[in-house]
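# Report on the structure
Chain by chain, the residues run as shown.
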Amino acid sequence: MEQNALYYKIPYVKEFDTEVLTCRSVDDPEIRKSVFGQDGAERPLYAVYLRDHGFYPEGGGQASDTGSLQGITEELSCRVCSVQEVKAEADTIVHYTDAALPEGLQVHAVIDWEKRMRNSRNHSGEHIVSGLVHRHYGYHNVGFHMSDVMTIDFDGSLSMEQLLAIEKEANDVVLANRPVKVFFPEPSELESIDYRSKKALSGTVRLVDLGGADLCACCGTHVMTTGEIGPIKILSVMGHKGGVRVEMFCGTDALADYQRKHQQLLELSHLLSASPEEILSAVKNVMNISAAKDQRIAELNDRYFMSLVEQYRCCDQVLILYENDLNTVELRKCCDRLMKHTAAPVVLMLARKPGSDAEYNYVAGSLSEDLRALSKEFNARVHGRGGGQKEMIQGSLRADPEEVRLVAEQLFGPVYE
């Protein structure tokens, strides 16, 4: 931890001037992929060390800063793509860039401030929620990650009702606009301070006090007052490794989520011809109508399936039927009826896949043949895939009807014409 880094000494510095100490090409394709993604193994990448450290390096669940470096005396520039702390190296913090800069060049550094503040708001909001959960329930934050949505893992069980109470208390702290205090206590002083930490610490420890809601050892960036966090919104909770994983948004992320969902609410309101307050009952009504329709369709299908049974009851050869209007569940039900109520040794039902002229879903059933034992060869010969039990297999295939008929005849026996 660099106690004198600009992101600690002057947290809201957005731009600063500094000097390039060293710059070298990065030959490791794994590092290039970690910076640019899986398609970036061949892209040029450079490791730049600067005299001053204003870009926050990745760590503690928080992504690194990004931005740009622009030559002051020469017309050179590059994009800062990622920043990492490398404790094994003398200069400790490496800035990965997409272009080379000569050693000794004076540069003007510009931090992507929108990204920095998003990370700071989320990180500060996470501290408040984690601190309040620890205070009320004694649970520890054992995992924290910021990406499209922020997640916190706790080592104990929490209900949504409990978390919504935490959410309200956290937003009260935000509205109070309390100062966020950061300090580095002496080792002797640290021993007497009650603070959260995921592991035992020694040496230089940075403590962050989030308006009295949390006191935690932390190396990340934070807002300067709790009011800058903006709204804190708990999205979901699910069981995870003996505890729970909580999804949440803070600040502009929470506002964007609200705006997106509110727009969806208005569109649903229009589609259902119901006011936003009436949408729940309107959706339930649509679901009831849909369930009644599905029940009616199932009854009509049963009648149709039994009509096929009557038509093929005396069939004592392999029965192949194409029923393109049936889905896979309906195919299976129809196949079940026919194999149980006709004399056919094997029933093979097929339906063309939606949007395809050559691919079919299939279901095969038999009370006398071990279809599972034959499924591998059947799939291989009709360009298919699938499997199942001894009495019934299902999957998809790509073959014309004549090919299917020939394969079925060779594997299962004479086919009913």
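Structure shown above.
Residues numbered from 1 in each chain as written. Predicted model: local features only at pLDDT ≥ 70, side-chain atom pairs only at ≥ 80, totals over all residues. Heavy atoms only, no water.

## Focus on the packing of aromatic side chains
Quick reminder of the rule: Stacked, edge-to-face and tilted labels apply to pairs of Phe, Tyr and Trp rings (six-membered ring for Trp) whose centres lie within 6.5 Å, assigned for plane angles under 30 degrees, over 60, and everything in between, in that order. Secondary structure counts use DSSP, requiring at least four H or I residues in a row for a helix and at least two E residues in a row for a strand, with both numbered from the N terminus. For the exposure calls, accessible area comes from a 1.4 Å probe over protein chains only, and a residue counts as buried if that area is under 20% of its type's maximum, exposed if over 50%, partly exposed in between.
Per the stated rule, a full pass over the model turns up 11 aromatic pairs. Between Tyr 7 and Tyr 56, the aromatic rings sit 5.4 Å apart at their centres with planes inclined by 85 degrees, giving edge-to-face as the arrangement. You can see Tyr 7 sitting in helix 1 (residues 6–9) and its partner Tyr 56 sitting in the loop between strand 2 (46–50) and strand 3 (67–71), a full 49 residues away along the chain. Each member of the pair, Tyr 7 together with Tyr 56, is buried. Taken together, a centroid distance of 5.3 Å and an interplanar angle of 75 degrees make the contact between Tyr 362 and Phe 378 edge-to-face.

## Section: the pattern of salt bridges
Worth spelling out the cut-off: Any Lys or Arg side-chain nitrogen located within 4 Å of an Asp or Glu carboxyl oxygen qualifies as a salt bridge.
One pass over the structure, following the stated rule, counts 22 salt bridges. For Lys 168, the salt bridge identified is with Asp 172, shortest N-O distance 3.4 Å. Taken together, the residues span about one helical turn, with Lys 168 and Asp 172 both in helix 4 (residues 160–175) at a distance of four residues. Judged by relative accessible area, which is 55%, Lys 168 ranks as exposed. Shared partners join several salt bridges into a network, and the residues in it are Glu 402, Arg 405, Glu 409 and Glu 417.

## A word on the environment of Gln 84
Our working definition: Here, two residues are considered to be in contact whenever any of their heavy atoms come within 4.5 Å of each other.
Looking at the secondary structure, you find Gln 84 in strand 4 (residues 77–85). Gln 84 sits in the partly exposed class, given a relative accessible area of 23%. Put simply, Gln 84 and Asn 361 are 277 residues apart on the chain and 51 Å apart in space, counted from C-alpha to C-alpha. The contacts of Gln 84, once residues within four sequence positions are left out, are Pro 57, Glu 58, Thr 92, Ile 93, Val 94 and Tyr 96.

## So, the pairing of strand 12 (residues 232–240)
Quick note on the threshold: Pairing between two strands is assigned when DSSP locates at least 2 bridges connecting them.
When strand 12 meets strand 13 (residues 243–250), the two strands line up antiparallel, connected through eight bridges. Across the sheet, Lys 233 pairs through a bridge with Phe 249, a residue of strand 13. From the end of strand 12 to the start of strand 13, which pair antiparallel, there are two residues, and Lys 241 there has a positive phi angle of about 50 degrees.

## Overview of the environment of Ser 120
By the secondary structure assignment, Ser 120 is in helix 3 (residues 113–137). Sequence separation of Ser 120 and Gln 62 is 58 residues, and the distance between their C-alpha atoms is 8.8 Å. Those residues in contact with Ser 120, other than ones at most four positions away along the chain, are Thr 221, His 222 and Val 223.

## Here we look at the packing of helix 6 (residues 251–272) against helix 7 (residues 279–312)
A packed helix pair is summarised by two numbers, namely the angle formed by the two axes and the spacing between the axes. In plain terms, the rule: The convention used is that axes are lines fitted to C-alpha atoms, helices contributing only their stretch in contact, and that angles between N-to-C directions extend from 0 to 180 degrees. Should an angle fall under 35 degrees it is called roughly parallel, over 145 degrees roughly antiparallel, and 65 to 115 degrees roughly perpendicular, with every other angle called oblique. Take the far helix as your reference; a near helix turned counterclockwise from it by less than a right angle gives a left-handed crossing, and one turned clockwise gives a right-handed crossing. All residues other than Ala, Val, Leu, Ile, Met, Phe, Trp, Tyr, Cys, Pro, Asp, Glu, Lys and Arg, Gly among them, are scored as polar; the first ten of these are nonpolar and the last four charged.
Where helix 6 meets helix 7, the closest approach of the two axes is 10 Å, and the angle between their N-to-C directions is 50 degrees. Judged by the inter-axis angle, helix 6 sits oblique to helix 7. The element helix 6 and its partner helix 7 pack so that their crossing is left-handed. In this structure, helix 6 contributes Leu 265, Leu 268, Ser 269 and Leu 272 to the contact, and helix 7 contributes Ile 279, Ala 282, Val 283 and Val 286. The residue makeup of the contact of helix 6 with helix 7, split by class, is seven nonpolar, one polar and no charged.

## Some remarks on unusual backbone geometry
Unusually for a residue other than glycine, Asn 177 sits at a positive phi of about 50 degrees. The topology assignment puts Asn 177 in the loop between helix 4 and strand 9 (180–183).

## Description of the side chain of Thr 342
Cut-off, in case you're wondering: Polar contacts, as counted here, are pairs of nitrogen or oxygen atoms within 3.5 Å of one another; within protein the pair requires one atom able to donate a hydrogen and one able to accept it, and residues that are adjacent in sequence qualify only if both atoms are side-chain atoms.
Structurally, Thr 342 is set in the loop between helix 8 (328–341) and strand 15 (347–352). A relative accessible area of 11% places Thr 342 in the buried class. Separated by 2.5 Å, the side chain of Thr 342 and the backbone oxygen of Leu 338 make a polar contact. Polar side-chain contacts of Thr 342 include one of 3.4 Å to the backbone nitrogen of Ala 344. If sequence neighbours within four positions are ignored, Thr 342 has contacts with Val 309, Tyr 312 and Arg 313.

## Some thoughts on helix 9 (residues 371–381)
Worth spelling out the cut-off: This arc corresponds to the set of directions leading from the helix axis out to the C-beta atoms.
For helix 9, the full list of buried residues reads Leu 371, Ser 375, Phe 378 and Asn 379. Mapping the buried residues of helix 9 onto a view down its axis gives an arc of 95 degrees, with all of them on the same face. Those residues of helix 9 that are exposed and angled more than 90 degrees off the buried face are Ala 373, Lys 376 and Ala 380. Residues of helix 9 that are buried make contact with strand 15, strand 16 (359–365), strand 17 (385–388), strand 18 (392–398) and helix 10 (401–412). Measuring from the backbone nitrogen of Arg 372 back to the side-chain oxygen at the start of helix 9 gives 3.3 Å, which picks out Asp 370 as the cap. Among the residues trailing helix 9, His 383 stands out with phi positive, at a value near 55 degrees.

Purely geometric numbers; function is a separate question.
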